[in-house]
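One letter stands for each residue in the lines below.
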Amino acid sequence: MSRFNKKRFTVITALILTVLTAVFCIGAINGQDVSSTQADNNIKVVIDAGHGGVDSGAIGNKLKIKESDINLKITKKLEKYLLSGGFIVSLTRSSSAGLYGVATKNRKRKDMEKRKEIINKIKPDMVISIHLNKYTSSNRHGGQVFYKNSDKLGKSLACSIQSNFNALSGKGYTALTGDYYILNCTDIPSVICECGFLSNEEEERLLATDEYQDKIAYSIFKGIIAYLYEESFRYL
Ligand SMILES: [Zn+2]
């Protein structure tokens, strides 16, 4: 078995254990330290909570919730799921502060460059960027996932998460290509998860709750597991 296939075989074994562990952790994960329930599977994930600091991102139409706050909450819930499954997890931001340092007029560029720097330093197996959507029509709802056009693994990861988002929202969206900095800044499989629409009153109300944030995080987690499982077999 080549070194590459050996790593894949190790990943499959780890994933089977990961899924079993995750099943037992469901519903009991909030507020608990589950980071030591599973040995590391050596798969590194960077979770990128969009916006932060003075950049709140989108604002909800009704409750006026800030995208940056909800992004971080979903990020931390996803982090718990991944840690429970033995993943090695890093966050580009773990507080409400932005990554731009002093808030100058170039802060958006500095913020994005810092995210790129963190990703390049860690060299993860995948990047999951967490955002919320806003649209002119208030009818639109449900999670939407984006990937870079030339990124085959990113597409596979995006489709896998999208199908879990659709199961949650009842929508039939397909994962879309997007020309975004966080997708373009490295060649690492990367996706942007737009976890719902703040322009939809009902979805804003859901996104503000701990329970729904957890459902979103678990949907992304399941998508990651399904992606790794599929790609592992593809290379064996
Ligand atoms: Zn955003």
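Here we come to the overall build of the protein. Looking only at helices and strands, the protein has seven helices and six strands in total. In the protein, the order of α-helices and β-strands from amino to carboxyl end is α-β-α-β-α-β-β-α-β-α-β-α-α. Within the protein, buried positions represent 45% of all 236 residues. Counting only contacts in the protein whose residues sit at least 6 apart along the sequence, the fraction spanning at least 24 positions is 78%.

Take the pairing of strand S6 (residues 190-197) next. Within S6, eight of the eight residues are buried, which leaves the element mostly enclosed by the surrounding structure. The pairing of strand S3 (residues 126-133) with S6 spans six bridges and is classified as parallel. When the sheet's bridge partners are listed, Ser129 is paired in S6 with Ile192. The pairing of strand S4 (residues 144-147) with S6 spans four bridges and is classified as antiparallel. Within S6, the residue paired with Tyr147 across the bridge is Val191.

It is worth spelling out the pairing of strand S2 (residues 88-91) at this point. Pairing of strand S1 (residues 44-49) with S2 involves four bridges; the strand directions are parallel. For Lys44, the partnering residue across the bridge sits in S2 and is Ile88. Read as a crossover between parallel neighbours, the route from S1 over helix H2 (residues 67-84) to S2 is right-handed.

Once that is clear, we can look at the sheet that holds S6. Across the sheet, six strands lie side by side as S2-S1-S3-S6-S4-S5; this open sheet has mixed pairing. Because the sheet does not close on itself, it has two edges, and the strands there are S2 and strand S5 (176-177). Lying over the sheet, helix H3 (residues 107-122) contacts S1, S2 and S3, oriented at roughly 170° with respect to S1. Across the sheet, helix H4 (residues 152-169) lies against S3, S4 and S6, angled at about 180° from S4, the strand it touches most.

This brings us to the confidence of the model for the protein. Confidence in the prediction for the protein averages 88 pLDDT; 82% of positions are at 70 or higher. Between residues 27-36, whose pLDDT stays under 50, and residues either more than four places distant or in other chains, the model counts 12 contacts.

With that settled, consider the environment of Lys152. Looking at the secondary structure, you find Lys152 in helix H4. Here Lys152 falls in the exposed class, since 12 other C-beta atoms lie within 10 Å of it. As a C-alpha pair, Lys152 and Pro189 span 37 residues in sequence and 7.9 Å in three-dimensional space.

Core analysis: the biggest nonpolar cluster contains 47 residues, and Ile128 and Val191 have the highest contact counts within it. Residue assignment for this core shows that the elements contributing at least two residues are S1, H2, S3, S4, H4, helix H5 (181-184), S6 and helix H7 (210-235). Top contributing element to this core by residue count: H7, with nine residues. Setting aside anything within four residues of it in sequence, one finds Val191 in contact with Ile128, Ser129, Val145, Phe146, Tyr147, Gly154, Leu157, Ala158 and Ile161.

Our focus in this paragraph is H3. Taking 1.5 Å of rise per residue, 16 residues should cover 22 Å, and H3 covers 23 Å from first to last C-alpha, within 8% of that figure. Those residues of H3 lying buried are Asp111, Arg115 and Ile119. Buried residues along H3 cover an arc of 75° about the axis, so they all sit on one side. Residues Arg109, Asn120 and Lys121 are exposed on H3 and point more than 90 degrees away from its buried face. The positive-phi residue at the C-terminal boundary of H3 is Lys123, with phi of around 50°.

What counts, and at which threshold
Residues numbered from 1 in each chain as written. Predicted model: local features only at pLDDT ≥ 70, side-chain atom pairs only at ≥ 80, totals over all residues. Helix = DSSP H or I, 4+ residues; strand = E, 2+ residues; numbered from the N terminus. Buried ≥ 20, exposed ≤ 12 C-beta atoms within 10 Å, placed from the backbone. Contact = placed C-beta atoms within 7 Å. Pairing = 2+ DSSP bridges. Right-handed = clockwise from strand over helix to strand, strands pointing away. Axes fitted to C-alpha atoms, helices over the stretch in contact; angles between N-to-C directions. pLDDT = per-residue confidence, 0-100. Core = buried A, V, L, I, M, F, W, Y, C linked by C-beta atoms within 7 Å. Expected span 1.5 Å × (residues − 1). Arc of directions from axis to C-beta.

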